[in-house]
Amino acid sequence: MEKHILIPAENFCTSHEIALTFIEDLNNFGLVTVVTKENTLFIPETEIQKLERILVFNQELDINLPGIETIFHLLERLEKMQHHLSELENQLKRFQ
């Protein structure tokens, strides 16, 4: 069984100087996944990098949540297209 490391959301918010409600909003918007245990909000370690990226978009670039959602959707599509292109290039190399 895999063990997931959970970071208390309150600790993350304190260190990044953001409100806990921002994390809740991101969760409600479907941008990050959080875990609630015993009335305490936790962020899986796997979500930290994504969450920090969202903070850059929001705080430094002043992009709102719908804009961030659009950016992440486009980035996901781009990654899929790059993966597909790599597969096609590998197939082409086999035929050469």
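Residues numbered from 1 in each chain as written. Predicted model: local features only at pLDDT ≥ 70, side-chain atom pairs only at ≥ 80, totals over all residues. Heavy atoms only, no water.

Looking only at helices and strands, one finds four helices and three strands in the protein. Listing the helices and strands of the protein from first to last along the sequence gives β-α-α-β-β-α-α. Its C-alpha atoms give the protein a radius of gyration of 17 Å, clearly above 12 Å, the size a compact globule of 96 residues would have. Overall, the C-alpha framework of the protein stretches about 60 × 40 × 20 Å when taken along its three principal axes. Residue pairs in contact within the protein that sit at least 24 positions apart in sequence constitute 49% of those at least 6 positions apart. Charge-centre separation for the protein: the mean point of 8 positive side chains lies 12 Å from the mean point of 16 negative side chains. (Helix = DSSP H or I, 4+ residues; strand = E, 2+ residues; numbered from the N terminus. Rg over C-alpha atoms; globule rule 2.2 N^0.38 Å. Contact = heavy atoms within 4.5 Å. Lys, Arg positive; Asp, Glu negative; His and termini not counted. Charge placed at Lys NZ, Arg CZ, Asp CG, Glu CD.)

Time to look at the sheet that holds strand β1 (residues 6–8). Strand order across the open sheet formed by three strands is β1-β3-β2, with antiparallel pairing between neighbours. One side of each edge strand has no neighbouring strand; the edge strands of this open sheet are β1 and β2 (35–37). Direction aside, the axes of adjacent strands within the sheet are offset by 40° on average. Sheet analysis places β2 next to strand β3 (residues 40–44), joined by three bridges and oriented antiparallel. What sits directly across from Thr 36, in β3, is Leu 41. Here helix α1 (residues 9–16) sits on the sheet in contact with β1 and β3, set at roughly 60° to β1. (Pairing = 2+ DSSP bridges. Axes fitted to C-alpha atoms, helices over the stretch in contact; angles between N-to-C directions.)

What follows concerns unusual backbone geometry. In the Ramachandran plot, Glu 38 falls in the positive-phi region, its phi being about 50° despite a non-glycine side chain. Among the residues examined, Glu 38 registers a relative accessible area of 78% and is labelled exposed. The phi torsion at Asn 39 lies on the positive side, around 60°, for a residue other than glycine. With respect to the helices and strands, the residue Asn 39 is situated in the loop between β2 and β3. A relative accessible area of 79% places Asn 39 in the exposed class. (Buried < 20%, exposed > 50% of the residue type's maximum accessible area, 1.4 Å probe, protein only.)

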